[in-house]
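Commentary on secondary and tertiary structure
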Amino acid sequence: MASFRDIIGQEQIKEHLQSAIAAGKISHAYIINGEKASGKEFIARVFAMTLQCERGETEPCGQCRSCRQALSDNQPDIIRIIHEKPGTISVDDMRMQINNDIAVKPYSSPKKVYIVNEAEKMTIQAQNALLKTLEEPPEYAVILLLTSNADCLLPTILSRCILLNMKPVPDDMIKKYLMEQLKVPDYKAEVCAAFARGNVGKAKALATSEDFENVKTEAVSLLKYIKEMELNEIIAAIKKISEFKLEANDYLDIMVIWYRDVLLFKATNDINHLVFREEIQALREAARRSSYEGIESVLEALEKAKNRLSANVNFDLTMELLMMEIKENG
């Protein structure tokens, strides 16, 4: 089912959209801004479905003809903008799919809803073309711009839209969702929630990814034995990890969580709030042999490595420098 009740967290956005529906004061344009996989598409889908629902309430009924069409992505008045070139939404995409289409009245619904995913990929020309429509939209039009970076949009676009920012979802809420909806075991749900940093989509992807489990095991194994390993063995371990279908930053995040656990245990001697508590022996040993300064240095080195990889610095070199830091201070 797709309803506002199924949206995890994001209370402010839910309240704003449902209040607008109840009052009949729907804006012509909204920007939903948030991380990739944070649930923007789901919110847009629920909002569009509710606007077109034949019962006209603040939740979609899921039963009427319009809702059934929306659930199977066949509602003629909910239009998803597709772009021909990967990485760019061109001025032609905008003209053909919004500007030229918007003058045609809705086919069977009160509204005509346009959903533009990855709106940050609109070229300046595409944004200017959209601006013409935003300046004088027809009464029935609602445009939803979904973006992971609202700063990429022109100030003139921002000023004509209602901006809704996604908030990180609390870990316990994500954990509950993973356990109840996806039947993920308690411990795994906790690791995925900690790792996803408030992003439900990411937590869901990790919980169902075989590679995540493998990479986690390999990364923890490397960190447990790194002190005794030679550099060539460390390099071989990194090469093994890079074979999995997981982003390098995700791999580094596993290490960040490990060292946060080490730091927390060193400071409190309490295992209850540790993410990797099944590895308590190794964490206790790491906390015993590392100084607070050493752990802080490793966490800084991990952050630096993430920034280097984002700037496309050579992967092998970045990881080698990081591992030397961990071997020395971890």
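Remember, it's a predicted structure, so these values are computed and weren't measured experimentally. (Residues numbered from 1 in each chain as written. Predicted model: local features only at pLDDT ≥ 70, side-chain atom pairs only at ≥ 80, totals over all residues. Heavy atoms only, no water.)

1. Examining the state of the cysteines
Evaluated as defined, the whole model comprises zero disulfides. Free of any disulfide, Cys67 has its nearest cysteine sulfur in Cys64, 3.7 Å distant. Note on Cys67: relative accessible area 0%, which makes it buried. Lacking any disulfide linkage, Cys152 is separated from the closest cysteine sulfur, that of Cys161, by 14 Å. (Disulfide = S-S within 2.5 Å. Buried < 20%, exposed > 50% of the residue type's maximum accessible area, 1.4 Å probe, protein only.)

2. Things to note about a nonpolar patch on the surface
A surface patch of nonpolar side chains, amounting to about 240 Å² of accessible area, comprises Val313, Leu317 and Leu321. Structurally, Leu321 can be placed in helix H15 (residues 315-329). Under the relative-accessibility criterion, Leu321 is labelled partly exposed at 41%. (Patch = residues over 30% accessible without salt bridge, like charges linked within 9 Å, V, L, I, M, F, W, Y side chains within 5 Å. Areas by Shrake-Rupley, 256 points an atom, 1.4 Å probe, with all protein chains shown as cover. Salt bridge = Lys/Arg side-chain N within 4 Å of Asp/Glu carboxyl O. Helix = DSSP H or I, 4+ residues; strand = E, 2+ residues; numbered from the N terminus.)

3. As for unusual backbone geometry
Note: most residues except glycine have negative phi, and most peptide bonds are trans. Here the phi dihedral of Glu118 falls at roughly 50 degrees; this positive angle occurs in a residue that is not glycine. You can see Glu118 is positioned in the loop between strand S3 (112-116) and helix H5 (124-135).

4. Topic: the nonpolar core
Soluble globular proteins tend to bury their nonpolar side chains together. Residues Tyr251, Met255, Tyr259, Leu322 and Met323 are the most contacted members of the largest nonpolar core, which totals 58 residues. The element contributing the most residues to this core is helix H12 (residues 248-268), with ten residues. Excluding residues that lie within four positions of it along the chain, Leu322 makes contacts with Leu252, Met255, Ala301, Leu302 and Ala305. One finds Ile26, Tyr30, Cys64 and Val113 within the second-largest nonpolar core, a separate group that totals 30 residues. (Core = buried A, V, L, I, M, F, W, Y, C linked by side-chain atoms within 4.5 Å. Contact = heavy atoms within 4.5 Å.)

5. Quick notes on the packing of aromatic side chains
Scanning the model with the defined rule gives two aromatic pairs in all. Ring plane angle 85 degrees and centroid distance 5.3 Å describe the contact between Tyr30 and Phe47, whose orientation is recorded as edge-to-face. Taken as a pair, Tyr30 in strand S1 (residues 29-33) and Phe47 in helix H2 (residues 40-52) lie far apart in primary sequence, 17 residues in all. Overall, the relative accessible area of 2% leaves Tyr30 in the buried class. Centroid distance Trp258 to Phe276: 5.7 Å. Interplanar angle 55 degrees. Geometry classified as tilted. You can see Trp258 sitting in helix H12 and its partner Phe276 sitting in the loop between H12 and helix H13 (280-289), a full 18 residues away along the chain. The burial state of Trp258 is the same as that of Phe276; both residues are buried. (Phe/Tyr/Trp six-rings, centres within 6.5 Å; stacked < 30°, edge-to-face > 60°.)

6. Here's the deal with the pairing of S1
Burial within S1 is extensive, with five of its five residues counted as buried. Side-chain alternation along S1 places Ala29, Ile31 and Asn33 on one buried face and Tyr30 and Ile32 on a second face that is also buried. Pairing geometry for S1 and strand S4 (residues 141-147), over five bridges, is parallel. Across the sheet, Tyr30 pairs through a bridge with Leu144, a residue of S4. As paired strands, S1 and strand S5 (residues 162-165) are joined by four bridges and run parallel to one another. (Pairing = 2+ DSSP bridges.)

7. A short note on the packing of helix H14 (residues 292-310) against H15
Between two packed helices, both the angle of their axes relative to each other and the distance between the axes serve to describe the pair. Close contact between H14 and H15 brings their axes to 9 Å; oriented N to C, the two are set at 175 degrees. Taken together, the axes of H14 and H15 are roughly antiparallel relative to one another. Of the residues in H15, those touching H14 at Gly294, Ile295, Ser297, Val298, Ala301, Leu302, Ala305, Arg308 and Leu309 are Phe315, Thr318, Leu321, Leu322, Glu325, Ile326 and Asn329. A breakdown of the residues in the contact of H14 with H15 according to their chemical character gives ten nonpolar, four polar and two charged. (Axes fitted to C-alpha atoms, helices over the stretch in contact; angles between N-to-C directions. Parallel < 35°, antiparallel > 145°, perpendicular 65-115°, else oblique. Nonpolar A, V, L, I, M, F, W, Y, C, P; charged D, E, K, R; others polar.)

8. A look at the packing of helix H10 (residues 210-225) against H12
Closest axis-to-axis distance for the H10/H12 pair is 10 Å, and the angle between their directions is 50 degrees. Judged by the angle between their axes, H10 and H12 are oblique. The handedness of the crossing between H10 and H12 is right-handed. Each of Phe212, Val215, Lys216, Ala219, Val220, Leu222, Leu223 and Lys224 in H10 lies in contact with H12, whose residues at this interface are Tyr251, Ile254, Met255, Trp258 and Tyr259. Split into classes, the residues belonging to the contact of H10 with H12 amount to eleven nonpolar, no polar and two charged. (Left-handed = near helix turned anticlockwise from the far one by under 90°.)

9. Topic: the environment of Asn232
Locating Asn232 in the fold gives a position in helix H11 (residues 231-241). For the pair Asn232 and Val256, spaced 24 residues apart in sequence, the C-alpha to C-alpha distance is 23 Å.

10. Quick notes on H2
In a regular helix each residue adds 1.5 Å, so 13 residues correspond to 18 Å; H2 covers 19 Å between its end C-alpha atoms and thus fits that length. The buried count for H2 comes to ten of 13 residues, which makes it a mostly enclosed element. For H2, the set of buried residues is Lys40, Ile43, Ala44, Val46, Phe47, Ala48, Met49, Thr50, Leu51 and Gln52. (Expected span 1.5 Å × (residues − 1).)

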